[in-house]
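Each chain, written out:
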Amino acid sequence: EIVDCDWSSDVCSSDLMCFMQRIACPSPNFDARPKDTPIDILVLHYTGMRTGAEALARLCHPEAKVSSHYTVEEDGTVYSHVAEDQRAWHAGKSYWAGATDINARSIGIEIVNPGHEFGYRAFPDAQIVAVIELSRDIIGRHPIGAERVLGHSDVAPARKQDPGELFPWPRLAAHGKIGRAHV
């Protein structure tokens, strides 16, 4: 299935020396956030699908009833799906620090990787640079502390394992305190 996306580009911060392409690829799968709920969690996922194109098609298909705010492709391309002031449907049944509607208070980033079902592999450098830059950007707009940059497996441990053991949490923690260095 072809997904209709609008192309644009953005330059990353000079200390990472990258070029991050951003593409608007809207998803219909979202609703309004509850009033007065802060955006104070960033949830990182892997797509768990064979290809990035397959993941984009699913995230943007109305019958899938799943979305995220962003997807980061292996080459570092960033797709934006849902406006940050809206609730994307990415975390499912989840909880953290007493909160049970994690979608209501979080931004979700899908990171293209086939996951454990389809050949889990290391995340390419260009992709991680883009995840770092995007995360910095998001954290700059919302009160998200390092301890609240989480994996899907943190907020749904009984049913999810992403972004998985190969995800470079220490590298993110070293770049602008994006998350804690998971063990």
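Here, every reference points to the structure presented above.
What you are looking at is a predicted structure, and each value in this text was computed from that prediction instead of being measured. Along each chain, residue indices are assigned from 1 in the same order as the chain's sequence is written. The predicted origin of the model limits local features to residues at a pLDDT of at least 70 and limits the giving and counting of side-chain atom pairs to 80 or more, whereas totals for whole chains, interfaces and linings rest on all residues. Excluded from the side-chain calculation are hydrogens and water; included are all heavy atoms of the structure.

Q: Looking at this model, I keep getting lost on the packing of aromatic side chains. Mind explaining?
A: Between two aromatic rings, the relevant description is the distance of the centres plus the angle of the planes. Any two rings among Phe, Tyr and Trp, with Trp reduced to its six-membered ring, count as a pair given centres within 6.5 Å; such a pair is stacked if its planes are under 30 degrees apart, edge-to-face if over 60, and tilted if neither. For the structure shown, the criterion picks out four aromatic pairs. Taking 5.6 Å as the distance between ring centres and 50 degrees as the angle between the ring planes, the aromatic pair formed by Y46 and Y120 counts as tilted. Of this pair, Y46 sits in strand 4 (residues 41-46) while Y120 is found in the loop between strand 8 (106-111) and helix 2 (125-141), placing the two residues 74 residues apart along the sequence. For Y46, a relative accessible area of 11% gives the class buried. Pairing F167 with W169 gives two aromatic rings, centres 5.0 Å apart and planes at 70 degrees, and the pair type is edge-to-face. Accessibility classification places F167 together with W169 in one group, the buried group. Ring pairs connect the aromatic residues Y46, Y120, F123, F167 and W169, which therefore count as one cluster. Strands are runs of DSSP state E lasting at least 2 residues, helices are runs of H or I lasting at least 4, and numbering of each runs from the N terminus. Using a 1.4 Å probe on the protein chains alone, a residue whose accessible area is under 20% of its type maximum counts as buried, one over 50% counts as exposed, and one in between counts as partly exposed.

Q: Sorry, what's going on with the nonpolar core here?
A: In a soluble, globular protein the nonpolar side chains are often hidden away together inside. Among buried residues, the Ala, Val, Leu, Ile, Met, Phe, Trp, Tyr and Cys ones that are joined through side-chain atoms within 4.5 Å form a nonpolar core. Ranked by size, the top nonpolar core spans 24 residues in total, and within it L42, L44, I109, I138, F167 and L172 carry the most contacts. Listing elements by their share of this core, those giving two or more residues are strand 4, strand 5 (70-72), strand 8, helix 2 and helix 4 (169-174). At six residues, the largest contribution of residues to this core is made by helix 2. With seven residues, the next largest nonpolar core counts I41, A91, L150 and V155 among its residues.

Q: Can you walk me through the layout of surface pockets in this structure?
A: If you roll a probe as big as a water molecule over the atoms, it shows you where there is empty space left. Cavities and pockets are found on a 1 Å grid laid over the protein atoms alone: a cavity is a set of points where a 1.4 Å probe fits but cannot escape, a pocket is an open set with protein on both sides within 12 Å along at least five of seven lines, and a lining residue has an atom within 4 Å of such a point. Grid points are joined across faces, edges and corners, and a volume is the space filled by probe spheres set on the points. Roughly 490 Å³ of internal volume is contained in the largest pocket. Y46, T47, G48, E110 and K160 are the residues nearest the centre of the largest pocket, which is lined by 22 residues in total. Of all the elements in the fold, those that place two or more residues in the lining of the largest pocket are strand 4 and helix 1 (52-59).

Q: Whenever I open this one, the pattern of salt bridges confuses me. Can you help?
A: Pairs can form between side chains of opposite charge whenever their charged atoms are close. Salt-bridge detection follows one rule: a side-chain nitrogen of Lys or Arg within 4 Å of a carboxyl oxygen of Asp or Glu. The full count for this structure, using the stated rule, is 10 salt bridges. With a shortest N-O distance of 3.0 Å, R121 and E74 are connected by a salt bridge. Taken together, the residues R121 in the loop between strand 8 and helix 2 and E74 in the loop between strand 5 and strand 6 (78-80) connect sequence positions 47 residues apart. The partly exposed category is assigned to E74, whose relative accessible area is 23%. Residue R141 pairs with D137 through a salt bridge whose shortest N-O separation is 2.8 Å. Taken together, the residues R141 and D137, both in helix 2 and four residues apart, mark about one turn of the helix. One network of salt bridges, in which partners are shared, links R22, E84, D137 and R141.

Q: Would you mind going over the pairing of strand 8 with me for this structure?
A: Regular strands place side chains that alternate from one sheet face to the opposite one. Of all six residues that make up strand 8, six are buried, and the element is covered over most of its length. Residue alternation in strand 8 divides its side chains into two sets, S106, G108 and E110 and I107, I109 and I111, and both sets are buried. With six bridges joining them, strand 4 and strand 8 adopt parallel strand pairing. Residue Y46 lies in a different strand from strand 8, and its bridge partner there is I111. In this scheme, strands are said to pair when DSSP sees at least two bridges between them. In this sheet, strand 8 lies alongside strand 5 in parallel orientation, the contact comprising three bridges. Within strand 8, the residue paired with Y70 across the bridge is I109.

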